[in-house]
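Listed below, chain by chain, are the residues.
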Amino acid sequence: MTDTGSSVRLRKRWGGPLLALFLGATPLLASAQQEPAAAERAESEARIDPQAQRILRQMSDFLGAQRELSVRTEGTLDQVLDSGQKVQLQRAGDVRLQRPNRLRVDRAGDLARLHLFYDGQRLSIHGEQANAYATTPAPSTLDATLDMASQRLGLDAPGGDLLVSNPYTALTEDVRSGKYLGRAKVNGVSVNHLAFRNRDGVDWELWVEDGPRPLPLKYVITSRDLPGAPQYSVTLSDWNLSPQLTPDQFQFTPPRDAMRVSFLAPDSQGGAQQGGSK
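Presented here is an overview of the structure given in this document.

Analysis parameters
Residue positions are counted from 1 within each chain, in the order its sequence is given. Only residues with pLDDT of 70 or above have their local features reported here, since the model is predicted, and side-chain atom pairs are shown and tallied only from 80 upward, although totals for entire chains, interfaces and linings are computed over all residues. Values reported for side chains reflect all heavy atoms of the structure, with hydrogen atoms and water molecules removed beforehand. Segments assigned H or I by DSSP are reported as helices when at least four residues long, segments assigned E as strands when at least two residues long, and all are numbered from the N terminus. The span you would expect from a helix comes to 1.5 Å times its residue count less one. Exposure categories follow from relative accessible area, calculated using a 1.4 Å probe and restricted to protein chains: below 20% of the type maximum is buried, above 50% is exposed, and the middle band is partly exposed. Counted as a polar contact is a pair of N or O atoms within 3.5 Å, where, for protein atoms, one must be capable of donating a hydrogen and the other of accepting one, and residues adjacent in sequence contribute only when both atoms are in side chains. For this analysis, a salt bridge means a side-chain nitrogen from Lys or Arg found within 4 Å of a carboxyl oxygen belonging to Asp or Glu.

1. Some thoughts on helix α2 (residues 50-65)
In this model, α2 (16 residues) spans 22 Å end to end at C-alpha, consistent with the 22 Å of a helix rising 1.5 Å per residue. The complete set of buried residues in α2 reads A52, Q53, I55, L56, M59, S60, F62, L63 and G64. One side-chain oxygen at the N-terminal end of α2 lies 2.9 Å from the backbone nitrogen of Q51; it belongs to D49.

As structure tokens, then:
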């Protein structure tokens, strides 16, 4: 992970780049976060139930050890309208990751069809409905690129903490407490249910597969300090830990008639409040 001088947290108001052009869609990305001070880490871990901590670490170690993977995501995102009414948006997608420096996300939802490419040299986003794309030079590692995307481009979205090389560090940076809630089922699979509360007004839950593959099968984030307490919820299925990915799958070639646009600076973005920031 890169040391940026201050830890980066996903914003509670996020729209991502090209907000108007891409109709409010953002890719499944996270901020890469620096390692907190040892004293802060010890304080955080002391408040996490030992069983929850153990399972979360097992999941993190297992995910971080995978050199490549693909996964199907299906989720909902709450959006709070100016009237105060909370509506739910659907989205589904496919994520392909190859460490240390390749990521691809293909996502379709109520608002947009979006494709993200990172090939170790450039980060590119293409919106099908707008037929527009943005591209920028990127660092040579995925963690550094996620850090850059968050800080410089405002590409923050829930769920991306699971993509970094050390998910445990990213997930627990601001944790105030964590609990093990017991066994449950997600799509017929036995899982361990974990619940955490952050200091910054965010609650989140993870359902981790029980057994030799401790993969996350469901992830829910609640922004409890926003009106309506909007949520982001995603289920993760069809995990493939040996997908035999090729470099060309991560390279972006703009459609011939697509319009190139610029990324917006984070402080120029606005929009309605949405749930799922962590």
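2. Regarding unusual backbone geometry
Looking along the chain, the bond that leaves R99 and enters P100 is cis, with omega of 10°. Position of P100 relative to the elements: it lies in the loop between β2 (86-98) and β3 (102-109). Its identity as a non-glycine residue notwithstanding, A229 has a phi of 45°, on the positive side. Structurally, A229 is set in the loop between β10 (216-223) and β11 (231-240). When its relative accessible area of 27% is taken as the criterion, A229 is described as partly exposed.

3. Points about the pattern of salt bridges
The final tally for this structure, using the stated rule, is nine salt bridges. Between R72 and D94 there is a salt bridge, and its shortest N-O distance comes to 2.8 Å. Here the residue R72 occupies a position in strand β1 (residues 68-80), and D94 occupies one in strand β2, the gap between them amounting to 22 residues. We classify R72 as partly exposed; its relative accessible area is 26%. R224 is paired through a salt bridge with D203; the nearest N and O atoms lie 2.6 Å apart. Here the residue R224 occupies a position in the loop between β10 and β11, and D203 occupies one in strand β9 (residues 202-209), the gap between them amounting to 21 residues.

Limitation: the analysis is restricted to geometry and does not speak to function.
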